[in-house]
Every structure is written in C-alpha cells, then in structure tokens.
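Listed below, chain by chain, are the residues.
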Amino acid sequence: MEATTFVLFGATGDLAKRKIYPALYNLFVDQKMPQSFSVIGLGRRELSDEAFRANVERSLREFSRREAHDPVVMKNFLSAFRYNVLDVSRKEDYRKLRQLIEQQEEKLRMVPNRLFYLSVGPEFFETIAANIHESGLGSANGWKRLVIEKPFGHDLQSARDLNANLSKAFTEDEIFRIDHYLGKPMVQKLEVLQQSNPVLQALWDNRHIANVQITANEIVGVEERAGYYDHVGAVRDMFQNHMLQLLMMLTIQLPNNSTSEDVRFKKKLVMDSLEPLQKEDVRSHVVRGQYEAGMIQGKPVAGYTSEPNIPAASQNDTFIAAKLQIDDYFWRGVPFYIRTGKRMKDKSTRIVIEFKEPIMQSKGTDDNKTPNLLVFEISPNEGISLQLNTRDPLHKGEFKPMHIDFHEREDNVPEAYENLIFDALHGDSTFFAHWDEVELSWQWVQPILDAYEENLVPLHLYEAGTYGPAESDALLAQDGYHWWFDDKPVQNNEAIKGEQYAYHTNN
Ligand SMILES: NC(=O)C1=CN([C@@H]2O[C@H](COP(=O)(O)OP(=O)(O)OC[C@H]3O[C@@H](n4cnc5c(N)ncnc54)[C@H](OP(=O)(O)O)[C@@H]3O)[C@@H](O)[C@H]2O)C=CC1
Ligand SMILES: O=C1O[C@H](COP(=O)(O)O)[C@@H](O)[C@H](O)[C@H]1O
C-alpha cells in the first residue's frame, strides 16, 4: 500500500477515541497499514505529542477489540502519531500544518499522499475543505482524499449546497462519505452472496420473493445527544442514510467482478426506480413514532420528552417504519418494509426475505404454514439463517419449521471502521456513499420531511421496550404480512457458539 499521511481533524473527539484509533491499530496489527504512514492529530486544545499518544493508547485499551497489547507493537504504532493545534477557521494554522506534514514526509521519505479525515461537526466540513485547498495542503505531488462523517446535509437543498462547496476543493472520486453500515461485514457480503450462489441468484426477484423487511432496532435512547438528535430524528439519523443504503445493497444487480463504478451506477439505478412518495401519501406509507416511558431488560427508562435537554413538547421522531416499492424488472410488486427505532425491545439489525407460496400443507391447518425465510443478521451478531419446512415425526408428521443457521465467530469479525479506513487508504470507494445516491436518498426522503414539518403525519407514541407503535404492525397487516421475529428475535444460539456451522430444528 502507498505511503500515507493520515490527517485527522477532531483527534481529541469521541469518534476518534472510540472508533478511529482502534481501527487504525487493528489494521496495523494485521499488517494492513502502509509500510510508511504518519498520523497527524488536530484539535484546538493544547497537547504535546506524548500526551496525545498517551490518549490514543488509553483509547485502544478501552475500545480496541483486541485484548492483549504487545508493548513493542504498541510502541511502533504510537511512534507514527504527532499532534498539532489547529482551529478550523484560522488560516495560519493550515500553513503550520502544511510545514509539519512536509517535514514529516521529508524525514520519512514519504510520497505526499494525504488522507484528510474530518471527524468534526458537519458545520466545519466546508471551511476545512476550502482551507485545505487554499493553503496548498492538497496540491502536493501525490494523491489527496477527503473522508467525511455523516450527517451529509440536513435536507435535499443543504446536501446539494454542501456537495457543491466540497467539490470546489475535491473531486467526487476523492471524497469518501462514510456510512458505517456499509462497513459492516455482513453488508459487505451481500453482494458476493448473491453473485456467487446460483441458489440465491435464481430466487432473487419478484417471482419468488413476497416481501422484504429491513429492521434496525436499538435499545439505546437519545443518550447525551439531545442537541443533535432532537433536530434530526430517526428519519435523518438512520433512515435517509443507513436504512436506504441497506436497501440499495440488497437490491442492486451487479455483474461478476464488479468495480466500485458498477456499484455506484447500480445503486443509482435502484434509487431512480424507487417509487416516489408525494407529501400527501406519506401518511399512508410512513409511521412516525416517539417513545414513552417503559421497561427495558427489567429496568425503567424515561420517555423521550423527559430525557435531559429535550423540550417537553418535542414532536421529534424516534421511530420510523415505511413501505417502499422499487419499480423495476426484478422488484416490481415486492413491498419493502423498513423500520428503525430507539428504545426498542432488543438490539437487532437484520434483513428478512420472505419467499412466496408456502408449501401446501397436506396435513395440519393453515396456522402451520411457514413461508421460507432467509435472514441476514447484520449486528450485533453476524449470521445467516434459512427457515425451511419439515415434518415432525413426534407430532403426527405435521409440518414444522426448521432453521439452518450460520453464525460468524465474534472474534473473526472486523469492525466497520477497520473495513472503511482500509478501503479509503486504498482509494476504493465501493463501500462509501457516492453523491448520486446521497442526493437521490434525500430526494426520496424530502416529502417525508415536509409532511412531518407540516404535521400531516400523526406522531404515534410507543412504550419503550416494545417494537414500536401498533401502526407499524398495521402497515404490514394491510398487505397480509407481519414483522418476523418480533417476539422471538433471532439470536446466536448459545449451544452453537464457537462453531462455524450449525443445523438445528425449532422445538
Ligand atoms: N461519536 C460517534 O459515535 C459518531 C460521530 N459521528 C460524526 O463524527 C463527527 C465527530 O463526532 P464526535 O467525535 O462525536 O464529536 P466530538 O464533539 O466528540 O469531537 C469534536 C472534535 O472536533 C474538534 N473541534 C471542535 N471545534 C473545533 C474547531 N473550531 N477547530 C478545530 N477542531 C475543533 C474537537 O477538538 P477540540 O475540542 O480539541 O477543539 C474534537 O476533537 C461528527 O460529524 C459526528 O456527527 C458519526 C457517527 C458516530
Ligand atoms: O449513525 C448512527 O448509528 C447508530 C447505530 O449504529 P449501530 O452500528 O449501533 O447499529 C445510532 O445509535 C446513532 O443514533 C446514529 O447516529
């Protein structure tokens, strides 16, 4: 891999501590970092290089998935780190930064390839990009890349404005927009699973699939993020980005050995084919919810409007469920139900594919009918399961569902940020959000934002520790479906922990 200077804005912040340093460290231990690399951490507070390295080391001990830290490896890793004070709006700080980077590159005889990672609030993105450009930091004789975190805009217009401004300093193929759901290993496998398994390929369309359910349930509430969350809600925080990305990754039809260009193009096709919602139709396609007080895992939790720094009259959404349709050859007529919410009963991100036409039961009643289900568990556990039908010899040969499960061992699973930083270092944008799809996602979501703003959609309260408002169940019930696994979340079976494959039947 090419020599790289990793320039980290927001090096003293929460994301750097919890995700970025552990990811860099794990890549280093796995020998997936460039032979020559240097990390320049930036922030307003004064820190010596030693104090900065001590902070980085502390964060690794707290947050790295690796428990044992070899002191020699740790020392080598930390020796690449320097710290520099920089206020994003002070132009002279960029000149000093440029000097420091050039000194380091000269000392280490590195080609001036520079990756600028903006782990700071989105209000700073445009200022930083412009200052990188004006200070000449980005015009050295190597490549430059810009990695930015969400949120990428607040609505369609602000996203367009932001993109237009970033484009003055970086080209589209130099911009890497992180959507950490795209870094999750199971999401990255969706493409290959579909491409390399004729069994799945053969069934991957509206002739065989009855509906698709994409869920991201969270146990956590708003936590300490009132200032941010109360202005965005579930629709902007999760739906516009992570949930629509899951939809795209599941439904794109890619050629074998596809490139990142193919992925970008095919995702755009999916978004182009998504049936648009009119503001007036949002009410019948979208369920908007907010949690009330309740019990989660045996403990009482406060309602949203009693959370610290949330106004008592807040109408902000903490839950959204929606029905979407893709109007193309493969998916026409298949409803996609998407939901995400905070303070739900359990933590689970998964995709359930329900197949058509359950086998006709020769014995038993209709109640025994079990459609074939293919489940991709994305997090917290990673796995795939298939629900088939079999006969139960102990119960007069009645039909009963059987599950074939595969669960990845937890220690085999890299963190999303490891995958994404590795790809950004390589310049591979396959698993990043490209502008086309970001713009189309905002375009699709905009009528929902407008309908919420004008209060055209009721806000349904739901008890914390449930699966959201009853209206979310009704959204599927009107089509004759129901959310799968709400009462029996798919879980890693303790009995099969540590094994790669397992085969068991439901009792
Ligand atoms: N934390 C998380 O889990 C996630 C965060 N994100 C996104 O990542 C980004 C960073 O979030 P997070 O780390 O939580 O934020 P924090 O508030 O914890 O950190 C912000 C960082 O920005 C720096 N900073 C603030 N103002 C300035 C300034 N004027 N000049 C230079 N540096 C400044 C701070 O350094 P100092 O105080 O030293 O100046 C600090 O390092 C945001 O865009 C957020 O939306 C996305 C997903 C998850
Ligand atoms: O981006 C975000 O994601 C997290 C959920 O991420 P996960 O990897 O734990 O599923 C969410 O809690 C947060 O509100 C949102 O900003």
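Scroll up a little and you will see the structure.
These notes cover the structure that comes with them. Quick caveat, the model's predicted, so the values are computed rather than measured.

Conventions we followed
Counting of residues starts from 1 at the beginning of each chain's written sequence and follows it residue by residue. Following the order in which they are written, the chains are lettered starting with A and the ligands numbered starting with 1. The model is predicted, so local features are restricted to residues of pLDDT at least 70 and side-chain atom pairs to those at 80 or more, both for listing and for counting; the totals for chains, interfaces and linings are taken over all residues. Hydrogens and water are ignored here; the side-chain numbers use all heavy atoms of the structure. Any residue with a heavy atom lying within 4 Å of a molecule or strand is counted as near it. Residues adjacent in sequence count toward polar contacts only when both atoms are side-chain atoms; beyond that, a polar contact is any pair of N or O atoms within 3.5 Å, and within protein one must be able to donate a hydrogen and the other to accept it. The Shrake-Rupley method, run with a 1.4 Å probe sphere, supplies the accessible areas, and residue values consider only the shown protein chains as cover. Residues are grouped as follows: nonpolar covers Ala, Val, Leu, Ile, Met, Phe, Trp, Tyr, Cys and Pro; charged covers Asp, Glu, Lys and Arg; every other residue, Gly included, is treated as polar. Strands here are runs of E lasting at least two residues and helices are runs of H or I lasting at least four, both read from the DSSP assignment and numbered beginning at the N terminus. By definition, two strands form a pair when at least two bridges between them are found by DSSP. Lines are fitted to the C-alpha atoms to define the axes, a helix being fitted only along its stretch in contact, and any angle between axes, read from their N-to-C directions, falls within 0 to 180 degrees. Here a cavity is any set of points on a 1 Å grid over the protein atoms alone where a 1.4 Å probe fits but cannot get out, and a pocket is any open set with protein on both sides within 12 Å along at least 5 of 7 lines; a residue lines the site when it has an atom within 4 Å of a point. Grid points are joined across faces, edges and corners, and a volume is the space filled by probe spheres set on the points. Between 65 and 115 degrees an angle is taken as roughly perpendicular, under 35 as roughly parallel, over 145 as roughly antiparallel, and anywhere else as oblique. Whether a crossing is left-handed or right-handed is set by the direction in which the near helix is turned from the far one by less than a right angle, anticlockwise for left-handed and clockwise for right-handed. Pairs of residues are marked as contacts when any of their non-hydrogen atoms sit within 4.5 Å.

Before going further, it helps to examine the site of ligand 2. Every residue near ligand 2 is listed here: Lys-150, His-180, Tyr-181, Lys-184, Glu-218, Arg-225, Asp-237, Met-238, His-242, Lys-342 and Lys-347. At a separation of 2.5 Å, an oxygen atom of ligand 2 approaches a polar side-chain atom of Glu-218. Burial of ligand 2 by the surrounding chains reaches 80%, relative to a free accessible area of 400 Å². Looking at the shell around ligand 2 residue by residue, the classes come out as 2 nonpolar, 2 polar and 7 charged.

This part is about the site of ligand 1. Neighbouring ligand 1 are 21 residues, the closest being Thr-12, Arg-18, Arg-44, Arg-45 and Val-120. At a separation of 3.0 Å, a nitrogen atom of ligand 1 approaches a polar backbone atom of Val-88. For ligand 1, an oxygen atom lies 3.2 Å from a polar atom in the backbone of Lys-150. With the chains in place, 76% of the 880 Å² that ligand 1 exposes on its own is no longer accessible. The leading source of residues in the shell around ligand 1 is helix α1 (residues 14-29), at 3 residues.

Right, let's talk about the sheet that holds strand β6 (residues 175-177) for a bit. Sheet architecture is open: 6 strands sit in the order β3-β2-β1-β4-β5-β6, paired in parallel fashion. Every interior strand has two partners, whereas the edge strands, β3 (81-85) and β6, have only one. Mean inter-strand twist for the sheet, computed between neighbouring axes without regard to direction, equals 20°. Here 6 bridges tie strand β1 (residues 4-9) to strand β2 (residues 37-43), and the two strands are oriented parallel to one another. By the bridge assignment for β2, Phe-6 is matched with Val-39.

To continue, consider empty space enclosed by the protein. Counted according to the given criterion, the structure contains 1 cavity of 30 Å³ or more. Counted as a void, the largest cavity has a volume near 160 Å³. At the level of secondary structure, the elements contributing two or more residues to the lining of the largest cavity comprise α9 (226-251) and α13 (435-453). In the lining of the largest cavity, the residues fall into 6 nonpolar, 4 polar and 5 charged.

α13 packs onto helix α10 (residues 260-273) with a crossing angle of 15° between their chain directions and a minimal axis gap of 9 Å. Between α10 and α13, the interaxial angle falls into the category roughly parallel. Handedness of the α10/α13 crossing: left-handed. Counting all contacts with α10, which are made through Arg-264, Lys-267, Lys-268, Met-271 and Asp-272, the residues of α13 involved are Asp-436, Glu-437, Leu-440, Ser-441 and Trp-444.

As paired strands, strand β14 (residues 373-379) and strand β15 (residues 383-392) are joined by 5 bridges and run antiparallel to one another. Along β15, the bridge assignment pairs Phe-376 with Ile-384. Hairpin connection, β14 to β15: the antiparallel pair is bridged by 3 residues. Relative to strand β16 (residues 398-407), β15 is paired through 10 bridges, and the arrangement is antiparallel. Considered in β16, the bridge of Leu-388 is made with Met-402. The hairpin turn running from β15 into β16, its antiparallel successor, is 5 residues long, and Lys-396 in that turn takes a positive phi close to 55°.

Structural measurements only, silent on function.
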